[in-house]
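Residue strings, one per chain:
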Amino acid sequence: MQLLAQRNHSSVELKQKLSLFYVKKYADDLTIDNNALSSLIDTIIQYCISQSWIDDIHYIGQYIDMRSRKGYGPNRVIGELKQRGLDSTLIKEVFSHKNINWCEIGLIQAQKKFQQFDKKNFQQKAKLFQFLAYRGFQQDEINQIYSLL
């Protein structure tokens, strides 16, 4: 309960944290079976889902909103969510319902980073493209952001 009170967790994150907790707590106890422990943790996760204490769809939506507000692009956000063990189809589904103007977010980030941007300077253009790609923006979005500068 303490884990859930601190912040939202995905089911995968909660499973990892519970596994780590039980492994540390019962490391010396040889009577604990790994299969039984895994089954217990799965039961706990299912109970939390049934009580609406954890919801992966809600978690993904909040994560997308948070990272987009911080100026990250869709590729980066999707990669981070996959790295957290969330299902790709679930991520795509939530992304399709979000109405986020990624080009506007990228433009704001580009303007912050390059206050004096010269379109004729090839080095600056390369740095801009590299910066936006690192932030997770797609090539067509980067081209559109470049044209708006």
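Source: prediction; values computed, not measured. (Residues numbered from 1 in each chain as written. Predicted model: local features only at pLDDT ≥ 70, side-chain atom pairs only at ≥ 80, totals over all residues. Heavy atoms only, no water.)

*Asks:* Is there a simple way to think about the packing of aromatic side chains in this case?
*Replies:* Each aromatic ring pair is described using two quantities: the centre-to-centre distance and the angle formed by the ring planes. Going through the model one piece at a time under the given rule, you end up with five aromatic pairs. Ring centres of Tyr-59 and Tyr-63 lie 6.2 Å apart, and the angle between their planes is 25°; on these two criteria the pair is classed as stacked. In this pair, Tyr-59 and Tyr-63 are both assigned in helix H4 (residues 56-69), four residues apart and thus about one turn of the helix distant. An identical accessibility class is assigned to Tyr-59 and Tyr-63; each is buried. Residues Phe-114 and Phe-131 carry aromatic rings whose centres are separated by 6.1 Å and whose planes lie at 80° to one another, so their mutual orientation is edge-to-face. Here the residue Phe-114 occupies a position in the loop between helix H7 (102-113) and helix H8 (122-135), and Phe-131 occupies one in helix H8, the gap between them amounting to 17 residues. (Phe/Tyr/Trp six-rings, centres within 6.5 Å; stacked < 30°, edge-to-face > 60°. Helix = DSSP H or I, 4+ residues; strand = E, 2+ residues; numbered from the N terminus. Buried < 20%, exposed > 50% of the residue type's maximum accessible area, 1.4 Å probe, protein only.)

*Asks:* What am I meant to see in the environment of Gln-115 here?
*Replies:* Summarising the element assignment, Gln-115 is placed in the loop between H7 and H8. Classification of Gln-115 as exposed rests on a relative accessible area of 66%. Here the side chain of Gln-115 touches Lys-112 through a polar contact of 3.4 Å, landing on its backbone oxygen. (Polar contact = N/O pair within 3.5 Å; in protein donor to acceptor, adjacent residues only side chain to side chain.)

*Asks:* For this particular structure, what's the right way to read the environment of Gln-138?
*Replies:* Position of Gln-138 among the secondary structure elements: in the loop between H8 and helix H9 (139-148). The contact partners of Gln-138, leaving out residues within four places of it in the chain, are Pro-74 and Asn-75. A polar atom in the side chain of Gln-138 sits 3.3 Å from the side chain of Asn-75. (Contact = heavy atoms within 4.5 Å.)

*Asks:* How should the packing of H4 against helix H6 (residues 88-97) be read in this particular structure?
*Replies:* How two helices pack is summed up by the angle between their axes together with the distance between the axes. Close contact between H4 and H6 brings their axes to 10 Å; oriented N to C, the two are set at 60°. As summarised for this structure, H4 and H6 are arranged oblique, according to the angle between their axes. The crossing of H4 and H6 is right-handed. Listed contacts from H6 to Asp-56, Ile-57, Ile-60, Gly-61 and Ile-64 of H4 are Leu-90, Ile-91, Val-94 and Phe-95. Of the residues assigned to the contact of H4 with H6, the class counts are seven nonpolar, one polar and one charged. (Axes fitted to C-alpha atoms, helices over the stretch in contact; angles between N-to-C directions. Parallel < 35°, antiparallel > 145°, perpendicular 65-115°, else oblique. Left-handed = near helix turned anticlockwise from the far one by under 90°. Nonpolar A, V, L, I, M, F, W, Y, C, P; charged D, E, K, R; others polar.)

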